[in-house]
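Topology and contacts: notes
One-letter residues, chain by chain:
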Amino acid sequence: MTTLTRQSASSATFPKVRLRRMRSSATLRELARETHLRLEKLIYPLFVVEGDGIKKPIGAMPGIHQQSVDEMMKEVEQAVAEGLKSLILFGIPAEKDNQATGAWSADGIVQKATREIKKNFPQLAVVADTCLCEYMDHGHCGIVADGHILNDASLSIIARTAVSQAEAGADIIAPSDMMDGRVGAIRRALDDAGFDHVPIMAYSAKFASALYGPFREAAQSAPQFGDRTTYQMDPANGREALREIEQDIAEGADIVMIKPALPYLDLVSQARMLTKLPIAAYNVSGEYSMVKAAAANGWIDEKRVVLECLTGIVRAGADLIITYHARDVAGWLA
Ligand code: PBG
Ligand code: ZN
C-alpha cells in the first residue's frame, strides 16, 4: 500500500509530467483555460446630476463623467450597443440636507434616471446604489446627531430610499451604507410595498478603503467631518468580513458583495466557500485610477492589465463585477 502510494506519487512527476505540454499552442491553452471573463457579468457605474447637457469629466477617472439624464442616455445607448446589460446608478442631487431628501423623493435624480433608462431599455438591469452620503450635507451614510452616525435611526430612511428606487423601476437594490440591520429593514419595506420580487445586492464586506478617493470626487460624497471607520470595515479584518456576509444572508440578501476587489480577493475566495449565493466584487474607483494613470504614462499595457485583473477577480470566485472598465472591456471582447 505504502509502496504503491509512493510509486504513483513519484511517477506523477517530472519528466513524465510536463505542465508546459498544455501551454504549447493557443488552441491547447484555450482548451485548458479555467476561467472566462464574460460581458454579461459586468456592471457599469454611472454618475447622474441634475440639469441638461451636462457632461463633466472626473479628473482622476479618465472616461468617466458626471452627466445629466439626457447626456447619460446617450452613453447608455452606446453601452447597450456594445453589449453591456447592467448598470449601477449613483446620484448627485442639486441640494443636500440632513435628511437625505434627494435620496428618497420620487423625483430624486436616481429615480428620474432609472425611469428614463427603463422606459427606453426595459431589458437593461438597473442597479440602484442605496446610500445617503451623496444626499447628506455632512456626507455621512446615515443620520448624524451630536457628531455620531446613528444606526437604527438611519434604517427607516435607507429602507424608504430603497422603496422609492424600486417604485422608479430599479431591478436590484444595492445598500452600501454599512449600517447594521439594513438588509432586513430594506427587505421588509420592499415586501410591504409590493416589491417582494426585487432582489438585494448587499455591500456586505465594505472596507474603509483609501481606494474610494476618486469616487468621492465623482459623487461629491466625501464626509465633511471625521471618516467612515465607525461603520465601514477595518481592512485588517477577514473573519469579521465573513460575519458581515453571514448577517446579510440571514437578513435576506440575494447577492453579497466584497469591496474593494483586488486587495480583498482572499475574502472573495472564502465567501465562495461560505455561501451558495452569487458573489459580487466592486473593482473600485482607486483601482481604476491606478491602472488608467499607469497606462496614460505608457508604463503598462492597459488592455492586458485590465483583463488580467478582472479575470483574477472571477478566478477568486466572483460571479459579478462592478467595474468602470466595463465599456473598454466590451470593446476588447467584441
Ligand atoms: C457610498 C459609496 C462609495 C462607493 C460606492 N458607494 C464611497 C464611500 O463609501 O465613501 C465607492 C465606489 C468607488 O470607489 O468606486 N456609500
Ligand atoms: Zn454612503
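As the structure is a computational prediction, the values presented were derived from the model and not from experiment.

1. A closer look at the site of ligand 1
- Surrounding ligand 1, one finds 18 residues, the nearest of these being K206, R216, K259, S285 and Y324.
- Side-chain polar atom of R216 to an oxygen atom of ligand 1: 2.7 Å apart, as the coordinates give it.
- In this structure, an oxygen atom belonging to ligand 1 sits 2.9 Å away from a side-chain N or O atom of R228.
- Calculation on ligand 1 without its partners gives an accessible area of 400 Å², and the protein chains cover 100% of this total.
- Placement of ligand 1 is best described as lying within the largest cavity.
- Broken down by class, the residue content of the shell around ligand 1 amounts to 10 nonpolar, three polar and five charged.

2. Some details on the coordination of the zinc ion (ligand 2)
- Ligation of the zinc ion (ligand 2) by protein atoms is provided by C131 (SG), C133 (SG) and C141 (SG), these donors lying 2.2 to 2.3 Å from the ion.
- Coordination geometry of the zinc ion (ligand 2): the four donor atoms subtend angles of 98 to 123 degrees at the metal centre, consistent with an arrangement described as tetrahedral.
- Mapping the donors of the zinc ion (ligand 2) onto the primary sequence yields the spacing C-x1-C-x7-C. Of this pair, C131 sits in the loop between β5 (125-130) and β6 (143-145) while C141 sits in the loop between β5 and β6, and the two are 10 residues apart along the sequence. The burial state of C131 is the same as that of C141; both residues are buried.

3. Notes on the packing of helix α10 (residues 265-274) against helix α12 (residues 302-316)
- Between α10 and α12, the least distance of the axes is 8 Å, while the angle of their chain directions is 35 degrees. Residues L265, V268, S269 and R272 of α10 touch α12, and the partners they reach there are G312, I313 and A316.
- Looking at side-chain class alone, the contact of α10 with α12 contains four nonpolar, two polar and one charged residues.

4. Let's talk about the environment of G169
- Structurally, the position occupied by G169 is in the loop between α6 (152-168) and β8 (172-175).
- On the accessibility criterion, G169 (24% relative accessible area) is partly exposed.
- When the C-alpha atoms of G169 and K119 are compared, they prove to be 9.2 Å apart, with 50 residues separating the residues in sequence.
- Setting aside its immediate chain neighbours within four residues, G169 contacts T114 and K118.

5. Topic: helix α13 (residues 326-333)
- When α13 is considered as a whole, its buried residues turn out to be A326, V329 and A330. One side of α13 carries all its buried residues, which in axial view fall inside an arc of 105 degrees.
- On its buried face, α13 is in contact with β1 (42-49), α3 (69-82), α12 and β12 (320-323).

Quick notes on the rules
- Residues numbered from 1 in each chain as written.
- Chains lettered and ligands numbered in written order.
- Predicted model: local features only at pLDDT ≥ 70, side-chain atom pairs only at ≥ 80, totals over all residues.
- Heavy atoms only, no water.
- Near = heavy atom within 4 Å.
- Polar contact = N/O pair within 3.5 Å; in protein donor to acceptor, adjacent residues only side chain to side chain.
- Areas by Shrake-Rupley, 256 points an atom, 1.4 Å probe, with all protein chains shown as cover.
- 1 Å grid on protein atoms, 1.4 Å probe; cavity = no way out; pocket = protein on both sides within 12 Å on 5 of 7 lines; lining within 4 Å.
- Sits in = over half its atoms within 2 Å of the grid points.
- Nonpolar A, V, L, I, M, F, W, Y, C, P; charged D, E, K, R; others polar.
- Donors = N, O, S within 2.8 Å, 3.2 Å for Na, K, Ca; no water.
- Tetrahedral: all angles 85-135°; square planar, octahedral: opposite > 155°, others 65-115°.
- Helix = DSSP H or I, 4+ residues; strand = E, 2+ residues; numbered from the N terminus.
- Buried < 20%, exposed > 50% of the residue type's maximum accessible area, 1.4 Å probe, protein only.
- Axes fitted to C-alpha atoms, helices over the stretch in contact; angles between N-to-C directions.
- Contact = heavy atoms within 4.5 Å.
- Arc of directions from axis to C-beta.

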